[in-house]
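Examining the three-dimensional arrangement
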Amino acid sequence: MDAIESARAVVDEHHADARAALLGGSVVTGRRTATSDLDIVVLLHGAPAPYRASVQYADWPVEMFVHTEATWHAYVERELRRRRSPLLWMCADGLLLFDTDGLGARIAAEARRLTASGPPPESAEEIDDRRYAITDLLDDLAGSNDQSERLFVATELVRRTGELALAVGGSWGGGGKWLARRLETTAPELSTRLHHGLQEVLSGRVEPLVAVVEDVLGQAGGRLWVGYKRAGTP
């Protein structure tokens with residue numbers, strides 16, 4: 001069975017009374033791979049939503065994100081504050097599998113509107129938190145002669161630097177492959193430099209990675225260490 005047919009069938013098997021369903025993720029884009037799964041947002045009238053479940057249907061691994069109209073909005077609002085919302089993007093870019101009462105179309109339209117509007121800006125405090133963490137990692141990289149340590153420090157530096165660049169640029173964030181994809185779309189030159197920098201660290205040279213990290217830090221105000229302070233939680 002193809003992706004769309006299988007997605008409709010798995011929703012019918014688990015939630016025959018669903019109001020609407022959308023198929024998102026890589027299977028509806030040009031980035032589909034041999035291991036792509038079916039990411040399905042299912043909209044119900046009520047219980048047992050909200051929940052998330054991973055199941056197998058025929059040859060397809062399936063992830064179902066099951067919501068009511070109210071919980072969809074609540075989850076998206078929560079994810080928006082983190083500047084990354086997988087649920088929102090699944091609905092914005094997804095394919096409407098069926099729609100019994102118009103809810104699916106309304107959700108998809110709202111998702112497209114929100115993604116086009118962009119994420120809320122990060123606060124100065126949040127940017128400073130990122131600067132501080134990256135400064136600490138740069139010091140760790142400079143001070144380490146252990147190749148294993150350098151590998152993990154450098155990998156963390158690449159991730160955090162990519163996230164900072166997206167935040168400073170007002171772009172949506174992402175994790176894992178979605179961080180790479182966001183950078184490829186919004187800052188392809190930076191993505192290439194980070195990739196090269198990490199390869200150079202593995203070859204024993206830290207200077208190219210340090211240079212690109214310093215460039216991104218410069219856009220956010222530079223390194224931050226002395227004077228950084230955060231109150232603890234009682």
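What this report covers is the structure whose coordinates are included nearby. Owing to the predicted nature of the structure, the values given are computational and were not obtained by experimental measurement.

Our next topic: the nonpolar core. Membership of the largest hydrophobic core comes to 25 residues, with the highest contact counts inside it found for Ile134, Leu157, Leu164, Leu190, Leu194, Leu209 and Val213. Residues Ala3, Ala9, Ala18 and Val66 belong to the second largest nonpolar core, which totals 20 residues.

Moving on to a negative patch on the surface. A cluster of acidic residues, Asp136, Asp140, Asp146 and Glu149, forms a negative patch at the surface. Among the secondary structure elements, Glu149 is positioned in helix H6 (residues 147-168). By relative accessible area, which is 46% here, Glu149 ends up partly exposed.

Turning our eyes to something else, we now look at the packing of helix H8 (residues 188-202) against helix H9 (residues 207-220). Put simply, H8 and H9 touch, their axes get as near as 7 Å, and they point 145° apart. In terms of crossing hand, the pair formed by H8 and H9 is left-handed. Contacts between H8 and H9 involve Leu190, Arg193, Leu194, His196, Gly197, Leu198, Glu200 and Val201 on the former and, on the latter, Pro208, Leu209, Ala211, Val212, Asp215 and Val216. Split into classes, the residues belonging to the contact of H8 with H9 amount to nine nonpolar, two polar and three charged.

Under the defined criterion, the tally for this structure stands at 18 salt bridges. Ionic pairing is found between Arg19 and Glu69, a salt bridge with its closest N-O pair at 3.8 Å. You can see Arg19 sitting in the loop between helix H1 (3-14) and strand E1 (20-24) and its partner Glu69 sitting in helix H2 (residues 69-80), a full 50 residues away along the chain. What makes Arg19 buried here is its relative accessible area of 13%. Residue classification places Glu69 among the partly exposed residues on the basis of a relative accessible area of 30%. A salt bridge links Glu163 to Arg130, with the shortest nitrogen-to-oxygen separation between them at 3.5 Å. Of this pair, Glu163 sits in helix H6 while Arg130 sits in helix H5 (residues 124-143), placing them 33 residues apart in sequence. Several salt bridges share partner residues, and in doing so they unite Arg83, Glu122, Arg130, Glu156, Arg159, Arg160 and Glu163 into one network.

This part takes up the sheet that holds strand E2 (residues 38-44). Within the open sheet, the five strands sit side by side as E3-E4-E2-E1-E5. Their pairing is mixed. One side of each edge strand has no neighbouring strand; the edge strands of this open sheet are strand E3 (51-57) and strand E5 (95-99). Sheet twist, expressed as the mean angle between neighbouring strand axes with direction ignored, is 20°. The pairing of E1 with E5 spans four bridges and is antiparallel. Note on E5: the bridge partner recorded for Ala21 is Phe98. Here H1 sits on the sheet in contact with E1, E2, E3, strand E4 (60-68) and E5, set at roughly 40° to E2. Along the sheet face, helix H3 (residues 86-93) touches E1, E2, E4 and E5 and points at about 95° away from the line of E2.

So, about the packing of aromatic side chains. Where two aromatic rings form a pair, the distance of their centres and the angle of their planes describe that pair. By the definition in use, this model includes three aromatic pairs. Note on Trp89 and Trp172: the rings are 6.0 Å apart at their centroids and 90° apart in plane angle, and the pair reads as edge-to-face. Of this pair, Trp89 sits in helix H3 while Trp172 sits in the loop between H6 and helix H7 (177-186), and the two are 83 residues apart along the sequence. Ring centres of Tyr132 and Tyr228 lie 3.9 Å apart, and the angle between their planes is 10°; on these two criteria the pair is classed as stacked. Placement of the pair is Tyr132 in helix H5 and Tyr228 in the segment after H9, with a sequence separation of 96 residues. Judged by relative accessible area, Tyr132 falls into the partly exposed class, the value being 24%. We classify Tyr228 as partly exposed; its relative accessible area is 25%.

The subject of this paragraph is the side chain of Glu163. Classification of Glu163 as buried rests on a relative accessible area of 16%. When sequence neighbours within four positions are dropped, the list of residues in contact with Glu163 reads Arg84, Arg130 and Leu179.

Basis of the calculations
Residues numbered from 1 in each chain as written. Predicted model: local features only at pLDDT ≥ 70, side-chain atom pairs only at ≥ 80, totals over all residues. Heavy atoms only, no water. Core = buried A, V, L, I, M, F, W, Y, C linked by side-chain atoms within 4.5 Å. Buried < 20%, exposed > 50% of the residue type's maximum accessible area, 1.4 Å probe, protein only. Patch = residues over 30% accessible without salt bridge, like charges linked within 9 Å, V, L, I, M, F, W, Y side chains within 5 Å. Areas by Shrake-Rupley, 256 points an atom, 1.4 Å probe, with all protein chains shown as cover. Salt bridge = Lys/Arg side-chain N within 4 Å of Asp/Glu carboxyl O. Lys, Arg positive; Asp, Glu negative; His and termini not counted. Charge placed at Lys NZ, Arg CZ, Asp CG, Glu CD. Helix = DSSP H or I, 4+ residues; strand = E, 2+ residues; numbered from the N terminus. Axes fitted to C-alpha atoms, helices over the stretch in contact; angles between N-to-C directions. Left-handed = near helix turned anticlockwise from the far one by under 90°. Contact = heavy atoms within 4.5 Å. Nonpolar A, V, L, I, M, F, W, Y, C, P; charged D, E, K, R; others polar. Pairing = 2+ DSSP bridges. Phe/Tyr/Trp six-rings, centres within 6.5 Å; stacked < 30°, edge-to-face > 60°.

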